[in-house]
Each structure stands twice: as structure tokens, then as C-alpha cells.
Amino acid sequence: MGLLQMSLEETESKWKDRISLLPDSLLCHILSFLTTKEAVCTSVLSSRWRGLWKWVPSLDLVSSDFPSDKVCVDFINEFLLNFKTLSEFKLCIIEQDDSDKDASLYEPCLDKVTKHRIQHIEVVCYKDTEIPLTLPVCEALVSLKLYSVKLNDFESLSLPCLKVMCLEHVIFPHNAVLDTPRLEHLTLTGCQSESFMIIKRMSEHVKVDIEVVFEPKDYDFSERNIIYYLINNFSAVKDMTLSWYTLGLIYCLQGMNPLPKFRNLTRLRATTWLEYSFELLPFVLESCPNLRHLTLKLVKGNNLEAVVNSFSKVLSFCLVSSLEYVDIESPITEKAREEEVVRYFLGNATSLKKLVLRLNVSDGEKHDLEVLKQRFDSPRRSSLCQFDVFLVVLTPDKMKEL
């Protein structure tokens with residue numbers, strides 16, 4: 001019995017440590033799925049793991065894991081000094097009570113990072129300031145994600161392998177030009193009004209998400225031109241997402257700079273105030289003559305003056321002739337404006353194959369789907385059109401998003 005128990009214990013011990021028998025390259029690959037802090041902790045497992053994290057070609061750091069910003073910067077510099085190959089870099093800078101307000105502290109080490117043949121860069125700053133960053137020609141860069149970063153001056157920048165670019169609250173040099181011939185997904189959120197960028201080249205399959213927050217002041221034409229030049233960058237894209245703020249701003253500036261025609265756009269996702277949809281929708285549809293897929297989220301505005309124009313007065317037959325699929329999410333309102341939106345598409349879209357209506361209801365509300373469908377249904381211009389109604393139950397978290 002004693003020998004059998006010892007044999008079982010030895011077998012169990014071998015099975016527990018079998019992962020340590022894997023080659024260094026595979027172990028480093030496993031560690032690459034961990035944050036740098038977690039990877040460093042594996043050093044205590046055994047001598048086999050000691051220092052193995054240093055060979056992982058990625059850094060994933062949070063500044064609050066260090067006693068101070070200076071210690072964090074020193075760690076990055078030491079890593080770069082002893083390990084030349086770096087393919088992925090993630091840095092989250094968090095405001096601490098005793099943290100240095102001077103964001104330029106990170107600038108020298110970030111310059112060193114960008115000079116590597118790096119493929120993925122993500123810099124997120126939650127300080128009450130912007131982190132300065134210089135982007136050189138990064139021939140290997142595939143993914144770039146920046147939050148609260150101020151890009152240092154450049155006139156033209158080539159990123160030949162870049163596929164994903166997510167920019168939130170990023171300040172660009174004036175008239176900066178980016179050459180991104182392989183770009184497939186671009187997200188712009190809250191970009192600053194002091195500057196704008198020009199995309200020289202993009203992949204024909206690029207998906208663009210725009211949620212910019214510009215604040216034109218005192219009818220300054222130079223600032224009002226920013227949104228026009230930015231949107232004009234994407235006049236050839238096939239897939240686009242527009243926020244309610246961006247849509248509203250484009251509409252307000254239409255008198256000065258008419259929206260360019262998006263003749264290649266076949267798929268559009270947009271959010272707009274339900275009260276203003278009667279003006280915004282025709283304005284958008286007129287600019288997208290070949291649109292096939294429309295996903296529309298209607299939200300209720302607070303204390304907004306309702307627009308009284310009806311669809312029959314402002315929309316013409318040709319504006320929706322290309323539409324095949326429409327997906328609408330909307331609250332149920334007392335004035336039933338959402339019904340007018342649905343009835344317009346059903347009654348005027350000649351090529352419509354399917355319209356889906358998702359109605360937001362509070363948890364606990366009771367509705368009869370068949371009754372709702374009859375309430376929203378109307379004569380259809382397209383005999384092939386399928387009309388479906390679904391209820392979306394709003395949980396407290398979902399209501400916060402709205």
C-alpha cells in the first residue's frame with residue numbers, strides 16, 4: 001500500500017509540472033496572454049520559470065502597479081535596454097494621488113518603444129492631461145490604439161501595414177496626413193477641434209466608426225471646415241458608423257459645406273434623436289444613394305423641441321430605392337413617432353427585403369407582440385418585405401448606456 005501511494009504521488013507530481021517541460025518558446029507564448037505583472041509573478045513557481053517573463057516580446061503595464069510614474073518609466077527603459085525584440089506594447093496610465101502631473105515624463109521611453117519593429121501599440125492615459133507621443137514611420141505596425149494622447153508634429157506619416165486604428169481624444173498636428181493603404185477598421189472618438197487629419201489611402205474594405213466631438217465657436221469658418229474635411233476623407237468607404245452627435249453637427253453645418261456623396265457606402269449604422277429623425281434621416285439618405293443595410297438607433301432627447309416636418313414632405317421616392325435591410329431600435333413614445341419612421345420605410349422602400357424593429361421596454365412591462373406588430377405594420381411597397389418586431393428588455397445597465 002505504501003509503495004502504491006508513493007507511486008501515485010510521484011505520478012501526480014510529474015503531471016503537475018509537465019508544463020515546465022515545454023520548450024521556452026512555447027512557455028513564452030503562453031505568458032504573452034498574461035499582463036506583465038502576472039507574467040512576472042510566475043518567476044516564483046520554480047527556477048525553471050525564473051526570469052522567463054523577460055523573453056516575452058510584449059509589455060502590458062498599468063502605472064498604478066508601480067510606486068510612482070518614475071518607477072514605471074524606469075522599468076520600461078530597463079526592459080527595452082535588456083530586451084531588443086518587442087512586438088506588443090500596452091500602457092495604461094492612471095492618475096494617482098501623488099502622481100506627477102507632467103505627462104512628458106513618459107515621452108522619452110515611448111519614443112524608444114516606437115522605434116522597435118512593433119506590431120501593436122496601445123497607450124491609454126487617465127491623467128488630467130495628454131501624453132505626448134511621436135510616431136515615426138512604423139513599417140511593422142498593425143494595430144494602433146490611443147486614448148488622451150497628443151501627437152507631436154508631423155506633416156506626413158506612412159503606416160504601410162496598419163489594419164486597426166482606434167483614436168479617442170487624440171490631438172493631431174494641423175493638416176497631418178496619414179498613409180494607411182491596408183487600414184481595415186478606423187474608430188475616431190472625441191477628436192479635438194484644434195486640428196484634423198487627412199487619410200491619404202485606405203483599404204477599400206475599411207470600416208469607419210465616427211463619434212467626433214467638435215465645438216465650432218463664433219462661426220469660425222476654419223473650425224467649421226474641420227468636420228467637413230474629416231468626413232470627406234471617408235467618402236469612398238463601404239461601411240460606416242455615425243454617432244448622434246456627429247450626425248447632428250454635420251446637419252448643422254450643411255449650409256456651409258454640403259455633405260459629400262457616399263456612393264460606395266452600402267452599410268450604415270447611425271444613432272439619432274427620435275425627435276429630430278424627420279430632418280436628419282432624409283439628409284443622410286440623400287448622401288448615400290446606394291445604401292443597402294441601415295441599422296438605426298433612435299433615442300429620446302431631453303427637453304428638445306420636436307420637429308414637425310413629416311416624411312412625406314421631405315423624403316422622396318428615390319432616397320430609399322436601394323435599401324434591402326433596415327434594423328431599427330427605438331423606445332415606445334406617446335406621440336408614436338417611431339411608428340411614422342417604420343411606416344415610411346415599409347411604404348417607400350421598393351427593394352426592401354427585411355425590416356426588423358426592436359422596441360425598448362422596461363423590465364416587468366407586458367406587451368403582446370402580435371398587437372405591436374399590427375400597430376406598426378402598414379402597406380408595403382416591396383411585396384418581398386419581411387417585417388419582424390422584437391422586445392428589448394432594458395436592464396439597469398442597459399438603461400445607463402442609453
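Rules of the game
- Residues numbered from 1 in each chain as written.
- Predicted model: local features only at pLDDT ≥ 70, side-chain atom pairs only at ≥ 80, totals over all residues.
- Heavy atoms only, no water.
- Helix = DSSP H or I, 4+ residues; strand = E, 2+ residues; numbered from the N terminus.
- Buried < 20%, exposed > 50% of the residue type's maximum accessible area, 1.4 Å probe, protein only.
- Contact = heavy atoms within 4.5 Å.
- Areas by Shrake-Rupley, 256 points an atom, 1.4 Å probe, with all protein chains shown as cover.
- Core = buried A, V, L, I, M, F, W, Y, C linked by side-chain atoms within 4.5 Å.
- Pairing = 2+ DSSP bridges.
- Phe/Tyr/Trp six-rings, centres within 6.5 Å; stacked < 30°, edge-to-face > 60°.
- Salt bridge = Lys/Arg side-chain N within 4 Å of Asp/Glu carboxyl O.
- Axes fitted to C-alpha atoms, helices over the stretch in contact; angles between N-to-C directions.
- Parallel < 35°, antiparallel > 145°, perpendicular 65-115°, else oblique.
- Left-handed = near helix turned anticlockwise from the far one by under 90°.
- Nonpolar A, V, L, I, M, F, W, Y, C, P; charged D, E, K, R; others polar.

(A) Region of interest: the overall build of the protein. Helix and strand counts for the protein stand at 12 helices and 18 strands. Burial status across the protein gives 44% buried among its 402 residues. Taking all contacts inside the protein whose residues are at least 6 apart in sequence as the whole, residues at least 24 apart take part in 59%. When the accessible surface of the protein is totalled, it reaches about 21500 Å², and 52% of it is carbon and sulfur.

(B) Representation of the nonpolar core. In this structure, F89, F234 and F345 are the most contacted members of the largest nonpolar core, which totals 89 residues. In this structure, L27, C28, L52 and V56 belong to the second largest nonpolar core, which totals five residues.

(C) Focus on the pairing of strand β3 (residues 120-125). Two strands pair when backbone bridges link them, and strand β2 (residues 88-93) and β3 are joined in this way by six bridges, in the parallel orientation. Bridge pairing links L91 to V123 in β3. Two elements, β3 and strand β5 (residues 143-147), share five bridges in a ladder whose sense is parallel. Counterpart to V123 in the pairing with β5 is L146.

(D) Seen up close, the packing of aromatic side chains. Under the criterion given, the structure shown has four aromatic pairs. Aromatic side chains Y126 and Y147 sit 5.3 Å apart centroid to centroid with 45 degrees between the ring planes, which places their arrangement in the tilted category. Here Y126 is found in the loop between β3 and β4 (131-133), whereas its partner Y147 is found in strand β5, with 21 residues between them in sequence. Centre to centre, the rings of W244 and W273 are 4.8 Å apart; their planes meet at 55 degrees, and the pair counts as tilted. With W244 in helix α7 (residues 244-252) and W273 in strand β14 (residues 267-273), this residue pair connects regions lying 29 residues apart in the sequence. W273 gets classed as partly exposed once you look at its relative accessible area, which sits at 22%.

(E) The environment of S383, seen in detail. Within the fold, S383 resides in the loop between α11 (369-376) and β18 (386-394). A sequence separation of 33 residues divides S383 from T350, and the C-alpha atoms of the two residues are 8.6 Å apart.

(F) Spotlight on the pattern of salt bridges. Using the criterion set out here, one finds 15 salt bridges in the structure. The residue R375 makes a salt bridge to E339 at a minimum N-O spacing of 2.3 Å. With a gap of 36 residues between them, R375 in helix α11 and E339 in helix α10 (residues 337-348) connect regions that are remote in the sequence. Taking relative accessible area as the criterion, R375 reaches 30% and is therefore assigned partly exposed. Taken together, the salt bridges that share partners define one network made up of E338, E339, R343 and R375.

(G) Representation of the pairing of β2. Looking at chain direction, strand β1 (residues 58-62) and β2 are connected through five bridges and run parallel. What sits directly across from V62, in β2, is C92.

(H) Main features of the packing of helix α4 (residues 69-82) against helix α5 (residues 107-114). Close contact between α4 and α5 brings their axes to 9 Å; oriented N to C, the two are set at 30 degrees. Between α4 and α5, the crossing angle belongs to the class labelled roughly parallel. Crossing of α4 against α5: the hand is left-handed. Where α4 abuts α5, its residues V73, I76, N77 and L80 lie against C109, K112 and V113. In terms of residue class, the contact of α4 with α5 is made up of five nonpolar, one polar and one charged.

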